[in-house]
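# Fold and contact review
Below, each chain spelled out in residue letters.
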Amino acid sequence: MKKFRKVLDGLTTSTPVNPGGSPVCGSAAGTPSAAHTPRDLEIHETLMSEHFQICKTVRHGFPYQPTALAFDPVQKILAIGCRSGGVRVLGGPGVDCHCQHESGAAVLQLQFLINEGALVTACADDTLHLWNLRQRRPAILHSLKFNRERITFCHLPFQSKWLYVGTERGNTHIVNIESFVLSGYVIMWNKAIELSTKTHPGPVVHLSDSPKDEGKLLVGYEGGTIVMWDLRAKRADFRIYYDEAIHSVSWHHEGRQFMCSHSDGSLSMWNLRNTAKPFQVTFPHGKTQRDGKKESCKPILKVEYKTSRNSSDAFVVFSGGLSYDKAGRRPTLTIMHGKAITVLEMDYPIVEFIVLCETPYLNEVQEPYAVVVLLEKDFVVVDLTQSNFPIFENPYPMDVHESPVTCTAYFADCPPDIIPVLYSIGAKHKKTGYSHKDWPVSGGVWNVGSQTYPEIIITGHADGSIKFWDATAIPPLSVTLQMLYKLKTSKVFEKPKTGEMGRSAELVEEDPYAVQMITWCPQSRIFCVVGISAHVILYRFSKNDANTSITSLEVRLQCEMEDVISPSDTENTPCFSDPSGHSPQLHSPRSNTPDSVRDSIPCLKVKDRMIRMPPGYQAELVLQLLWVDGEPPQQITSLDLNSAYGLLALGNCNGLAVVDYLQKTVLLCMSTVELYGSADPFQRLTRSPRKNRQSTSDFCMRGLSNFYSDSKKRIRTSYQSLTELSDNQVSLDLERSKSPTSAPYSPSLHNDPRGTGEPVSNLRSCHYSPVFYLLDNVKGPGRKLSLPTDLKTDLDHVNGHCTSPTSQPCAPGRARVPGGPEGARLARRGPGRPPFRKAQSAACMEVSLPVSSLTEGYPSRRAMLQQLHGVSMYSHDEHHSTTYSWSERESRENSFSRSRSSSVSSIDRETKEAVTTVQFAESYGRKSDSLPTPCLWVGTSLGLVLIIPISIPMDEQERLEDPVTVAPTGTVLMLKGSVLRFGFLDCGGALIQNPCEMWRDQHAPEDPDRPRKRKLVNFSPSSSQEASGDGHLAVVCSERQAKVFFMPSQACLYVHNITESSFVLRADIVSVCNSVCLACFCANGHIMTLSLPSLRPLLDISYLPLTDMRIARTFCFTNGGQALYLCSPTEIQRITYSQEMCDNLQEMLGELFTPIETPEAQNRGFLKGFFGGNAQTFDREELFGEAAAGKASRSLAQHIPGQGGMEGMKAAAGGVVGELARARIALDERGQRLGELEDRTALMMSSADTFSKHAHELMLKCKDKKWYQF
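Quick summary incoming for the structure in this document. Because the structure is predicted, anything quoted here is derived from the model rather than measured.

Assigned secondary structure in the chain consists of 22 helices and 63 strands. For the chain, the proportion of its 1270 residues judged to be buried stands at 60%. When the accessible surface of the chain is split by element, carbon and sulfur atoms take 52% of a total near 51,800 Å².

Written out as structure tokens, the structure reads:
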């Protein structure tokens, strides 16, 4: 039998025949096939390889897992460091820059060189980096790697080139910022403390110079020791030993006293005249108990002590310090001003805060005006100038992750009127109560770019909300990503009541409204949303509110699973019978199982009453798939809408449905097998007698590609397997903790989840398309991974070889059997229950490693630093567990290395196939057609393409009354792998735009003189343009292959095998440089572009390795050479693959540094300077230089020159253009300085003339007076 199978497979693969009538194209990429071309196509392709280049443009959203914060008070720019090694530099609206450390080490601390255009970063790998911010793309100038000590704190005095670096051993080193080398001057911990002290003081947690004398350095140790070190005398002026651990220190501007925050929730005030004990100790949130003792409080992690001119009372701002008995309270920021204490509750844990002051000088009255608070998932700025402390309205898009992002869509070159309309509607729902003052972080300059076409980004979220963002490249909106409009899909449904629907209440437990897919027609403004509960909502846009009801349609799109045969269950020989006689049935009889009561019931209940809908997008139709015979509806995997036709098509792993949303009727509801009719290229086998009943969800992914077939036994990616409870309670708790919208996090900042292996049950299933079912369980090599090794190896062992150095050979395991304490619950759920618990968002595809412990979770800063230093790589070699049994022979036969493709009929192939993509178009449904007609193109997981002609009445009134005819003809085209995308070109190579309807407000007041009529564009059911009768080109792209067919003859003109060892995740036909191309993103991280129609490779760059499913789920291309993806759970990364945009990007980026004169220090006056001023000028160069201090040990630290150094910059900017640019910049700076000098000269001359005039008047007045008259 096995030999007979191989012989048949060899016959089918050696003589493939295209069912369309033309031979199947060869495998030569980009070459014409042997099929006869109906006409000589002379298409001049203008795109060349020189037109393409990959580069990142801008990053939107909140920095993921922030760890550090810094502010330049002169330049007015702010920097945020992240746990992943990223740094975001923010200025005014439009000024936003992202930098990344190559090491990926967490950023511990940031220090601006104030008004110098430079930034120092201290990372968890004990390396200091100096970034140059004077260029539009910041680069590292120098790096200094500490070899023997770990960095814990850094301090850079204002207008100093010497950086103080505190270490975990308690030593303090000094680094020259200009040369980035260590000085020989070191403050050793054993010299800083008294010799009689027997214990180590702990790591350095604070360094600051005295505002009164720059030659005195205050060193704070975690154990409670504070030392005032005299830098000149190299000895300690005084030492303070306190019982409680120190977290931070803040000076009074006069330099006579300072304040400390401690681990017991107290604040201590110290005076330099008497350091024996603090002159004041307060517990701001600690109440006195009956026994006279203060109640225990949480640590105060940071305090800032600032003075103000307008008030004698200082501002004391601190985080933490709440009493332990107030459990469940949110993190707080406390502002003490005089006797008034204001507690601001935050939504997330506080990572860091900075008080913004008017002056950069520490020895002047600080005059605070705002507090920048960096939270774990938000960014808040509080206005201190108003008594109620309002917050500023944030101009940055920091709320992209307000609910986890589950899908994205990117639309370039939208109608110009759509953005103002959406903004006007969305502005009515904006929050109020913000501060009336301008945003304080206002530094940098944004430049006008050459690209000014309207762009809109749409994000779908786990709570069912939709956000429209303006991404137009018009300053200052292109970087700020302003939110235009927010839509909540949950308002369409009734809220489920507890116990109302019995078991169904469990199904809509937490995220039943999660958005899975988005389809939008900007011209007609019709919007469609696919939800995880197997529902589709159609919205129309209106500027007027309306009282209306929502129409609900229910579709039974379900196959009976016994009729679907898996060759692994039977060894029957081929049966060449009429396939129409045994196709899966849409209406299966009820069974005797307890789940049989769940029949013809949707997952959610639509509101069935009149609803008042505000202006904006208003729901018109809800389409829901039903339970059938106790089987849940499968996820919708494809959707398309055509406003000109008034039709909507959707598909899943069971079949296809076509809906007329104008007449509110279902036109077609058929299984995929029934669509073929007699043209079915596969032999569908019946099973007799019937064996064990299996859920249809077990087949939802079979046959998508060879890759999915390879893993079907190891990973069942149906709803049931993605949400099954594990056999032990530990993994159940892990499942809950990894929910995208739940609060619990791992208490560690480690990136190594050893000991917490994530079971299969932790994976959720909010999918964009069937391609992503299995990919949710697969991750390639990378730093941040959350999957067990047995899941990762499915991607590692593609094409018969290992692609990951950490992958292990797959070992057979045992079948999973519900048992233990969860067995009964598993049995109650029934087969194929959909996962309506937590939606698997694109934002939560990895282990959540919080930064909340930076503030509340760690007993000290030292613990936090230890965690950050311990950031390590995820090990795939541990916690290897196989969940499902499978044979090694089956894996080898079904792997990528198999010679036959999914488009070739094989006896052992699964007969279940899913509808992976659908698209309406003006095309030819049959070879005999002479003119194009409305058609629906359907692509399946087996690589087959079906063309379904549609008959639509022309007259508007007839369209609303007469039926629309949908007649499947069985036309079949074949490719390798699941079909992903369709596109259509005319005979000149131009992209054919889909017919559409122009927008009209259906709820606008009636105008008898101008009746509302449908205005259609590019739509002609009976005739087309003059050249339409000559045919057109159809571009079809699958996971493995791209083909170009000539219609109506269906002859294959070109074919290109995109990849053999991987598969395409996303493919789009886009316009670039006034031409069109096919853009593809593969699972191995490659971005490719192919010319059309010849499919000539233009670009193939390994850009982004697929380390998690977030990228695959959200990656999308758009016109103009742009693309985007969710690079972290909170950030959207936009990239360009156009050389023209890469060339113009330098001009479009904002300037982080602008020439600003440093404010002059205040004149302290003669008496104040004589009695209380600085004793003498402190020359750090004389003290720390090599001549006086000598050289530091070479083994202590290693200097690493950066690529962004002056030498590298000169080499990169060589040539005439670079020289001219430098000359222009130099001339501009020289002209600006000459202008400033001229202004100063004129001011001095005017002042001299005024003084001369007053002196002459005084001389005349006193000329005739006697000496005794004065």
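What follows is about the packing of aromatic side chains. Under the defined criterion, the tally for this structure stands at 28 aromatic pairs. Ring geometry for Y645 and F920: centres 6.0 Å apart, planes at 80 degrees, overall edge-to-face. Of this pair, Y645 sits in the loop between β41 (638-642) and β42 (647-651) while F920 is found in strand β45 (residues 915-923), placing the two residues 275 residues apart along the sequence. In this structure, Y645 and F920 share a single accessibility class: buried. An aromatic cluster is built from F411, F468, Y485, W520, F527, Y539, F541, Y617 and W999, whose rings are joined through pairwise contacts. The aromatic ring of F353 is capped on one face by K302, whose charged end is 5.2 Å from the ring centroid. In this structure, R525 packs its charged tip against the face of W999, placed 4.0 Å from the ring centre.

Right, let's get into the environment of T1154. Along the chain, T1154 falls in the loop between α17 (1139-1148) and α18 (1166-1172). When the C-alpha positions of T1154 and G444 are compared, they lie 6.1 Å apart, and in sequence the two are 710 residues distant. Setting aside residues no more than four positions away along its own chain, T1154 makes contact with Q75, G444 and V445.

With that out of the way, let us pick up the pairing of strand β5 (residues 86-90). Two faces, one strand: in a regular strand the side chains alternate between the faces of the sheet. Most of β5 is tucked away, with 5 of its 5 residues classed as buried. Residues G86, R88 and L90 point to one face of β5 and V87 and V89 to the other, with burial holding for every one of them. Bridge count between strand β4 (residues 77-82) and β5: 4 bridges; the pairing is antiparallel. In the strand pairing of β5, A79 is matched with V89. Here β4 folds back onto β5, and the loop between the two strands holds 3 residues, one of which, G85, carries a positive phi near 95 degrees. Taking the residues between adjacent antiparallel strands as the criterion, β5 and strand β6 (residues 96-100) are bridged by 5 residues, where G94 takes a positive phi near 100 degrees.

All right, on to the sheet that holds strand β20 (residues 257-262) then. Reading across the sheet, the 4 strands line up as β19-β20-β21-β22 and stay open at both edges, with antiparallel pairing between neighbours. Looking along the sheet, the strands with just one partner apiece sit at the ends: β19 (246-251) and β22 (280-282). Between one strand axis and the next, the sheet turns through 20 degrees on average, direction left out of account. Bridging between strand β21 (residues 267-271) and β22 involves 3 bridges; their strand directions are antiparallel.

To continue, consider a negative patch on the surface. On the surface, D955, E958, E961 and D962 cluster together to form a negatively charged patch. Here E958 lies in helix α15 (residues 956-961).

I418, I419, V421, L422, I425 and G426 are the residues of helix α3 (residues 418-426) that are buried. Buried residues of α3, seen end-on, are gathered within an arc of 165 degrees and therefore sit on one face of the element.

Moving on: the sheet that holds strand β40 (residues 616-625). Hydrogen bonds between backbone atoms are what pair the strands of a sheet, whose relative direction is either parallel or antiparallel. Judged by pairing direction, the sheet is mixed, and its 5 strands sit side by side in the order β34-β35-β36-β40-β38 without closing on themselves. Two strands close off the open sheet at either side, each with one partner strand: β34 (515-521) and β38 (551-555). Taken pair by pair, the neighbouring strands of this sheet meet at an average axis angle of 20 degrees, ignoring direction. Pairing between β38 and β40: 5 bridges, direction parallel. Directly across from S552, in β40, lies its bridge partner V622. Together, β34, β36 (535-542) and β40 form the strand contacts of α3, whose direction differs from that of β36 by roughly 95 degrees.

Rules and cut-offs
Residues numbered from 1 in each chain as written. Predicted model: local features only at pLDDT ≥ 70, side-chain atom pairs only at ≥ 80, totals over all residues. Heavy atoms only, no water. Helix = DSSP H or I, 4+ residues; strand = E, 2+ residues; numbered from the N terminus. Buried < 20%, exposed > 50% of the residue type's maximum accessible area, 1.4 Å probe, protein only. Areas by Shrake-Rupley, 256 points an atom, 1.4 Å probe, with all protein chains shown as cover. Phe/Tyr/Trp six-rings, centres within 6.5 Å; stacked < 30°, edge-to-face > 60°. Lys NZ or Arg CZ within 6 Å of the ring centre and 35° of its normal. Contact = heavy atoms within 4.5 Å. Pairing = 2+ DSSP bridges. Axes fitted to C-alpha atoms, helices over the stretch in contact; angles between N-to-C directions. Patch = residues over 30% accessible without salt bridge, like charges linked within 9 Å, V, L, I, M, F, W, Y side chains within 5 Å. Salt bridge = Lys/Arg side-chain N within 4 Å of Asp/Glu carboxyl O. Lys, Arg positive; Asp, Glu negative; His and termini not counted. Charge placed at Lys NZ, Arg CZ, Asp CG, Glu CD. Arc of directions from axis to C-beta.

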